[in-house]
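# Structure at a glance
Given next are the chains, with one letter for each unit.
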Amino acid sequence: MNQQIDDLRNQAVASLKTIASSDELNSWRVRYLGKKSSLMAVLKGLGELPAEERRAVGGQANQLKKELEALLKEKEEALAAVSNLSTGGTDVDITLPGRPANLGKLHPMTLVLHELGEIFASMGFEIVEGPEVEWDYYNFEALNIPKEHPARDSMQTFWVDAPPGENGWEMLLRTHTSPMQIRVMEKQKPPLRIVVPGRVFRYEATDATHIPMFHQIEGLAIDKGITMADLKGTLYEFSRRFFGTDRRVRFRCDFFPFVEPGVEMAVECGVCKGEGCRLCGQSGWIEILGAGMVHPRVLEAGGIDPDVYSGFAFGMGVERIPLLRYGIDDIRLFYSSDLRFLRQF
Amino acid sequence: MKVPVSWLKEFIKVPFEVGDLAHRLTMAGTEVASISEIGSDWDGVCVGLVLAVDSHPNADRLRLVTVDSGSGTAEVVCGAPNVAPGQKICYARIGACLVDGHTGEPAVLKPARIRGVVSSGMVCSEKELGLSDEHEGILVLPESAPVGTPLRDYLGETVLDLEVTPNRPDMLSVTGVAREAGALMGKPARVVDPEFAGTGKAIESELAIDIEAPDLCPRYTASLIKGITISDSPEWLKRRLVNAGMRPINNVVDVTNYVMLEYGQPLHAFDFDKLSGARIIVRRAREGQVFVTLDGAERKLTGEMLMICDSKGEIAIAGVMGGANSEVVPDTTSILLESASFNPASIHYTSSKLGLSSAASQRFERGQSPFLTLPALNRATQLILEVAGGEAAQGVIDMAPGLNPRQPVLVSTARINSLLGTNYPEEEIIDALVLLGCSVKSCPASRELAVTPPEWRSDINLGADVVEEIARIKGYGDIPMTMLAKSIPHQSPSPMLSFKHRLREAMVGLGFQEILNWSMTNTGALSKALNQPELSVRPLYLKKPMTLDQECLRTSLRPGLFSALASNRRFEDSEIQLFELGTVYLPAGAGLPEEPQMVGGIIGSPQVKRHWSEETRPFDFYDLKGKVEALLAYLGVNPSFEPSEDSGLKPGSQAVVVVKHVPVGVIGEVDQQAGRAFEIDEPVYYFEIDITRLLPLTVGDRQYQPIPRYPAVVRDIALVMDNTVKHRQVEEIIAGFPLVVETRLFDIYTGKPVPAGKKSMAYRLTFQSRKKTLTDDAVDRVLEQILARLSSGLGAVLRR
Ligand SMILES: [Zn+2]
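Residues numbered from 1 in each chain as written. Chains lettered and ligands numbered in written order. Predicted model: local features only at pLDDT ≥ 70, side-chain atom pairs only at ≥ 80, totals over all residues. Heavy atoms only, no water.

### Here we look at the overall build of chain A
- Along chain A, the regular secondary structure elements total 11 helices and 9 strands.
- Whereas a compact globule of 345 residues would reach a radius of gyration of roughly 20 Å, chain A reaches 38 Å, over 25% beyond that.
- For chain A, the spread of C-alpha atoms along the three principal axes comes to 110 × 50 × 45 Å.
- Counting the 345 residues in chain A, one finds 54% classified as buried.
- Considering only intrachain contacts with a sequence separation of at least 6, the fraction spanning at least 24 residues in chain A is 65%.
- A total of about 15900 Å² of accessible surface is found on chain A, and carbon and sulfur atoms cover 50% of it.
- Side-chain charges of chain A comprise 40 positive and 48 negative groups, with the mean position of each set lying 8 Å from the other. (Helix = DSSP H or I, 4+ residues; strand = E, 2+ residues; numbered from the N terminus. Rg over C-alpha atoms; globule rule 2.2 N^0.38 Å. Buried < 20%, exposed > 50% of the residue type's maximum accessible area, 1.4 Å probe, protein only. Contact = heavy atoms within 4.5 Å. Areas by Shrake-Rupley, 256 points an atom, 1.4 Å probe, with all protein chains shown as cover. Lys, Arg positive; Asp, Glu negative; His and termini not counted. Charge placed at Lys NZ, Arg CZ, Asp CG, Glu CD.)

Structure below.
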């Protein structure tokens, strides 16, 4: 009996090797695995055998059945592959384009603002938004930029043609997101930690590096005992997460009327790694943001006692970041609505 | 501010490396934008002596010049009219690199035969050395110039170009930069108080000064010099001015500019003989008066502008520009020298109002220190005597109605350290401040330091200012880095942010590309997009727009989206689906405008077959409606669509989107005329939703519904009814019956065998109970009632 199964196996395996078409394979299947095959006959006849022999033969026969079924499947696949190549067959051409399914994309500014917001949110900063049309009081006076201050010259302003407000305030398009510092201080007592993303406006002629409307993100932290070391640490941590841990960071003194001391943060140029190149103006550094300890007069304007509380603030232009990151040479592209540009992000 | 390093070295007596200094200045707040080396490319040029000048044998205009170059003589052909024997000149030998006088490009000097005579080198003009555009004559050096010295060593200069922040008027002066540099290098600069010898009559007997507007003029000082000779300035003075970026004019004007650059104190010289009444009056202008400034322009004055006047009238716009009527001219012999302080805001007002920004006004509007007026006056008087001769009146006039002694700033070491996050001992803090020129007194009782800032620093007034000074001197890099240690403040995040985030993601998932458009637009664009000849909402206009197409703030997202579709259609023949989520600006009485957040979307059909396997169908109203329904379902609201009359959308092909009885937006086909106005010549569909209005309608809407435990039973019915019957009428009737959980329209058919004027609408009704398994009988009973109601209410007949 054992010998019979063995012979059957050798025969089936040998004849399978010669098969080259699916018709032949079908005959093979009928012959070795079909209802009338010798293997089936063996399996059917098991009942008549004594119990001990039944177990031995049954095991062997079932094992052979499994083996032949596996060989059959393997051969079928091999033949199918050949048939596809030679005849084109009736299978799908997996290289033809699929039916179009559209996914849009988010604007690169949305992506960057979201990324920035997430980083600061994870450091405990709450994201808030504020009005884009503002009073000059919030945009300038309360931020320690009185009328006729030369610092206003660097923030050329779009004034709105509207009568002054109740307090004699003039309406304008905010030139930075900093007015929200005052609005938040007015509404909320310290401790506070916020970031403010949003559109800002400058009266500037448009060219490849200037546009009259762009985005900023502003940050503010006020509490008892906040130090300039906290400012540095927070912004350094931001830089590590956003630009990567391999980029060095530089803090230098700079002037913004609403902070004192004033700080400018630069990160090592990503192109030349600090060696100096055209992108960074040979300095090796890319200026990223302005910051500083909140000016006591600004705290006072927000109704916070500068002898009790201190804080830091920072603000950065957002368009710069995708410009640098993707090597975009014309800032106007962001607002061109050109799909050939926008689809790249 | 351009600072020649040789000038700095007059005040910094220790050697320093320029690159190192530039780095220190930059880190301490004054960025050195560039370091330029004048003369670094002067190879082969040296000081020469003209030994002889002979005529050229073949050309009247040319001369043969014999030059002693220190290492021999050379014969050079020269065309300059001013060359003369005995002059010290700049001699370039063959092989030197110069700027070509004709092309302006750098070129290597080659041996040349000019009209038959060989020229071994060249006598240079300023242009050829790259010093200026002057090329009429050669550059003549002072007699003291040592023959044979490389010109680079004699005339070369290193110039720092500083970007001075508005808080540091002192950095707009060489002495100020020297003092800053000295403090940063730990070696204070030395600036000696200048003096002059007045040998004439006492100045008070010659001149009187009235300050009628002391609020705008805290200090006015003046000196008087008679018998001067106006001429060109000496070479060294001209050279300094040119290297610092100023144009030499004459010796007197040049000295005022020189001292302004040196001290940061603007000065003005009046022709004394042109003044009436030997009197200077400082007062406000008369409103509307016209005044001719020394550039010849007529300036219309306002009553807030400060003027310098004599007994007859105005002679200068204080701090901004002098008048033509008192200008120093070649035959001037007596001058009144003014060195004054003016109110910074007043000067800024005048200069911006007149559009007249000068080196003087830039210094005044930053609040130059009123303590510098006198040293600058002394220095200028002394220099004028030196370069223009004459005799100075004895003494000066010094009127100082608004000059207050510097008040010390009180700040404790503890406060300084607690703001910086440092642990500097008091001695280190005092040392740093002393380096900066502050005088510091320690008050042990109050544990405070009394810091009196130096006279040249008008920007140190508060404790925070002192803190910054310490940080600057110590270096920002010296301050440690720590993370915020306190607990995170209470937060109440606005639901709008996450709502916008979800909305954007849904729009992207629905195939829309996000765009961002300008907030500014124009009346014409709004009017065209909304199809409103007269805008129903008047936008906010800008007082002075940058361009006329950005004259007002958008009240609608439509113009931006329409233009974007049109401009992309030029190259995109597939479907275009765009959206913007942004602010529109709606005027709201006397206050700030309302700034609702809107989402707008537009779709344009594919223009070509999209896929090889099937025909491409153009979009219609229902394509966009389906997207809007999906969007709103994603946001958790169930809208209804009501008839609307939006002027910008096609009549009969538009709807108001209503959520909980509140209209939140519109949807429809863009009116053809509106589309054409944006060069859209295909049917496009547009929707907009006011999400500021939508958000409160969504909050708190979600609650879990148990998944039904009993099976649903479906029944398909086809109803024949009048064409005028609306789907919603059918839907509302069916919805009134129990057990119906869903009504889905799946087919509409007109034509045979449906009679004319009628249509067949096929619905699949789903019945389900939360309490039990429904029997066919129970469902059929309800269905019969529904059919009866549809028949009686709408005349609908079941189609067999
Ligand atoms: Zn670089």
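### Comments concerning the packing of aromatic side chains
- Scanning the entire structure with this criterion turns up 27 aromatic pairs over all chains.
- Pairing Trp135(A) with Trp169(A) gives two aromatic rings, centres 6.3 Å apart and planes at 55 degrees, and the pair type is tilted. Placement of Trp135(A) in strand E2 (residues 133-135) and of Trp169(A) in the loop between helix H6 (136-139) and strand E3 (171-173) is noted, with a sequence separation of 34 residues between them.
- A residue is classified by how much of its surface remains accessible, and Trp135(A), at 9% relative accessible area, is buried.
- An aromatic cluster is present here, built from Phe120(A), Phe125(A), Phe238(A), Phe242(A), Phe243(A), Phe312(A) and Phe314(A) joined pairwise through their rings.
- Over the ring of Trp456(B) we find Arg179(B), and its NZ or CZ is 3.7 Å from the ring centre.
- We note Lys528(B) situated over the ring of Phe678(B); from NZ or CZ to the ring centre the distance is 5.7 Å. (Phe/Tyr/Trp six-rings, centres within 6.5 Å; stacked < 30°, edge-to-face > 60°. Lys NZ or Arg CZ within 6 Å of the ring centre and 35° of its normal.)

### Some points on the environment of Val329(B)
All names here are of chain B.
- In this structure, Val-329 sits in the loop between strand E22 (321-322) and strand E23 (335-341).
- Judged by its relative accessible area of 24%, Val-329 is partly exposed.
- Placed 98 residues apart in sequence, Val-329 and Ser-231 show a C-alpha to C-alpha distance of 9.8 Å.
- Excluding anything up to four places from it in sequence, Val-329 contacts Ile-230, Asp-271 and Lys-274.

### Remarks on the domain arrangement of chain A
- The assigned domain composition of chain A is domain 1 (2-86) and domain 2 (108-342).
- Taking the mean C-alpha position of each, domain 1 of chain A and domain 2 of chain A sit 77 Å from one another. (Domains from an automatic or database assignment.)

### Side note on the side chain of Ser239(A)
Residue and element names in this part refer to chain A.
- Mapped onto the secondary structure, Ser-239 falls in helix H8 (residues 228-243).
- Overall, Ser-239 belongs to the buried group, its relative accessible area being 0%.
- Look past the residues within four positions of Ser-239 in its chain and what remains in contact with it is Gly-244, Val-249, Met-265 and Val-267.

### Regarding helix H11 (residues 426-435) of chain B
Residues and elements named next belong to chain B.
- Here H11 has its buried residues at Ile-429, Ala-432 and Leu-433. Looking down the long axis of H11, one finds its buried residues gathered within 95 degrees of arc, a one-sided arrangement. Of the exposed residues in H11, those oriented more than 90 degrees away from the buried face are Glu-427 and Asp-431.
- Elements in contact with the buried residues of H11: helix H10 (413-420), strand E27 (439-443), strand E28 (448-452) and helix H12 (463-474).
- Directly after H11, the chain includes Gly-437, whose backbone phi takes a positive value near 100 degrees. (Arc of directions from axis to C-beta.)

### Some thoughts on the nonpolar core
- The biggest cluster of nonpolar side chains holds 193 residues, and the ones touching the most others in it are Phe238(A) and Leu160(B).
- The residues contacting Leu160(B), other than those within four sequence positions of it, are Met1(B), Lys2(B), Val3(B), Val5(B), Leu8(B), Val18(B), Leu21(B), Leu25(B), Val32(B), Ser34(B) and Ile35(B).
- Judged by nonpolar contacts, the second largest core, of 40 residues, contains Ala213(B), Ile281(B), Leu301(B) and Cys309(B). (Core = buried A, V, L, I, M, F, W, Y, C linked by side-chain atoms within 4.5 Å.)

### Considering the coordination of the zinc ion
Residue and element names in this part refer to chain A.
- Around the zinc ion, the protein supplies Cys-269 (SG), Cys-272 (SG), Cys-277 (SG) and Cys-280 (SG) as donor atoms, at distances of 2.2 to 2.3 Å.
- Coordination at the zinc ion comes from 4 donor atoms whose angles at the metal span 102 to 115 degrees, giving a geometry best classed as tetrahedral.
- Each donor residue of the zinc ion lies on one chain, and together they are spaced C-x2-C-x4-C-x2-C. Pair check on accessibility: Cys-269 and Cys-277 agree, each one buried. (Donors = N, O, S within 2.8 Å, 3.2 Å for Na, K, Ca; no water. Tetrahedral: all angles 85-135°; square planar, octahedral: opposite > 155°, others 65-115°.)

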